[in-house]
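# A closer look at the structure
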Amino acid sequence: MKNYSIAKSRRLRSTPYTSRIEKQGVTAYTIYNHMLLPAAFGSVEDSYHHLKEHVQIWDVAAERQVEISGKDSAKLVQLMTCRDLSKSKDGRCYYCPIIDDQGGLINDPVVLKLSQEKWWISIADSDVILFAKGLAIGNKFDVKIFEPNVDIMAVQGPKSFKLMEKVFGEKITKLKFFGFDYFNFEGVDHLIAQSGWSKQGGYEIYVQNTESGQKLYDHLFEAGKEFNVKPGCPNLIERIESALLSFGNDMDNNDNPFECGFDKYVNLDSDVKFLGKEKLIKIKEEGITKKLMGIKIDINEISVTGSLDLTDENNNLIGELRSACYSPHFKKVIGIAMMQKGYWNPEQNVKVVVNEHNCAGKVCDLPFI
């Protein structure tokens, strides 16, 4: 597949780390929340193996925050998500599907509760801030909504824990998954969560002091030499193997949480009020007609830039392949597909045309690993 350069502009914002990653050899960008997001540092497969064995520093500043504060902030955040946050605790992260009045997904962010009257919504790739403002205006909520100056860097991989302990001390190893606290670096406190868009473990540093964040970025590479630290980015192979869903790729506003396997984040029996609740109750009663599943295809190369039709042996359309890659672990292509009812059972045979060739595959459960 031919690559094309991206013309940078004010509306495609760089990050505080862009000059650094370009010196470190970034080879591809994608656009995420109107910002540059590194997509490759050379071979994606080489980076995959390194991520699973060592530690990487990621520029994920494109993972923007929507800050909602004020006396009605908890009401607004709850109105946006089907997850019951009534018992949420300060200092915790919560994976929260955001839905519209029809139960369609708007985003699938991580919500950080800083206090009962201050929340950060750490968003995937869609304009959640406009959705939040619209709801706040329509409901006359007493809130302030804006995008704060927060530029995340992630430290990911099995050796991330040793690197972060070396820099911040033993205290950081006591953080539980999806917990966050403040840690000092050269006189500046940084909010750090044990989280990240990989299943290899690690942390996300929510940098609010840009100058300190750049110094910390450089220091992590210096301190991480003994752990074979390298620059990296969300890895296509690792995230598909781990079934880390990508909003806009694997799912969008035409899909609901039940179709995407988010059942445990849909709380219909609680008294909390959220948008689309009655619609989701009806969907649950009637049952879903499509479902995200895994696919294994007996080929060793693929590039998915749009959905690919999946058919049965009689050429009936039974689903669509939404993301895929070659997996070194399975020695074949694996992907995430939306399958129609009656065809999402594991071992269901599928056919797909890849590069004008008819290829055979099978449906499987998620995650792959």
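Before reading further, recall that the structure is shown in the block above.
Described in the following lines is the structure provided in the data block. The shown structure was predicted, so the numbers you read here are calculated from the model rather than taken from an experiment. (Residues numbered from 1 in each chain as written. Predicted model: local features only at pLDDT ≥ 70, side-chain atom pairs only at ≥ 80, totals over all residues. Heavy atoms only, no water.)

Our next topic: the environment of Y4. With respect to the helices and strands, Y4 occurs in the segment before α1 (18-23). In this structure, the C-alpha to C-alpha distance between Y4 and Y29, residues 25 residues apart in sequence, is 10.0 Å. (Helix = DSSP H or I, 4+ residues; strand = E, 2+ residues; numbered from the N terminus.)

Going through the model one piece at a time under the given rule, you end up with 18 salt bridges. The shortest N-O distance in the salt bridge between E22 and K8 comes to 2.5 Å. Taken together, the positions of E22 in helix α1 and K8 in the segment before α1 put the pair 14 residues apart, joining distant regions of the chain. With a relative accessible area of 36%, E22 lands in the partly exposed category. The partly exposed category is assigned to K8, whose relative accessible area is 45%. (Salt bridge = Lys/Arg side-chain N within 4 Å of Asp/Glu carboxyl O. Buried < 20%, exposed > 50% of the residue type's maximum accessible area, 1.4 Å probe, protein only.)

Looking at the secondary structure, you find V55 in strand β3 (residues 55-59). For V55, a relative accessible area of 0% gives the class buried. Not counting residues up to four positions away in its chain, the partners in contact with V55 are H50, V155, Q156, G157, K159, S160, L163, F227, N228, V229 and K230. (Contact = heavy atoms within 4.5 Å.)

This part takes up the packing of aromatic side chains. One pass over the full model with this rule turns up ten aromatic pairs. Taken together, a centroid distance of 5.1 Å and an interplanar angle of 65° make the contact between Y95 and Y265 edge-to-face. One end of the pair, Y95, is in strand β5 (residues 92-95); the other, Y265, is in the loop between α7 (236-241) and α8 (277-286), and 170 residues separate them in sequence. Ring geometry for F177 against F178: centres 4.5 Å apart, planes inclined by 10°, an arrangement best described as stacked. Aromatic rings pair up to connect Y17, Y217 and F221 into one cluster. Its guanidinium or amino end placed over the ring of F146, K144 lies 5.1 Å from that ring's centre, counting from NZ or CZ. (Phe/Tyr/Trp six-rings, centres within 6.5 Å; stacked < 30°, edge-to-face > 60°. Lys NZ or Arg CZ within 6 Å of the ring centre and 35° of its normal.)

With that settled, consider the sheet that holds strand β12 (residues 180-185). A sheet is described by the order of its strands in space; here six strands give the open sequence β12-β13-β14-β11-β3-β15, paired in mixed fashion. Each of the sheet's edge strands pairs with one partner strand only, and the pair in question is β12 and β15 (229-232). Mean inter-strand twist for the sheet, computed between neighbouring axes without regard to direction, equals 30°. The sheet contact formed by strand β11 (residues 151-156) and strand β14 (residues 202-207) spans six bridges and is antiparallel. (Pairing = 2+ DSSP bridges. Axes fitted to C-alpha atoms, helices over the stretch in contact; angles between N-to-C directions.)

In this section: the sheet that holds β5. Spatially, five strands are ordered β5-β8-β9-β4-β10 in an open sheet, and the strand pairing comes out antiparallel. Of all the strands in the sheet, just β5 and β10 (144-146) have a single pairing partner and so form its edges. The mean angle between the axes of side-by-side strands here comes to 20°, regardless of whether they run parallel or antiparallel.

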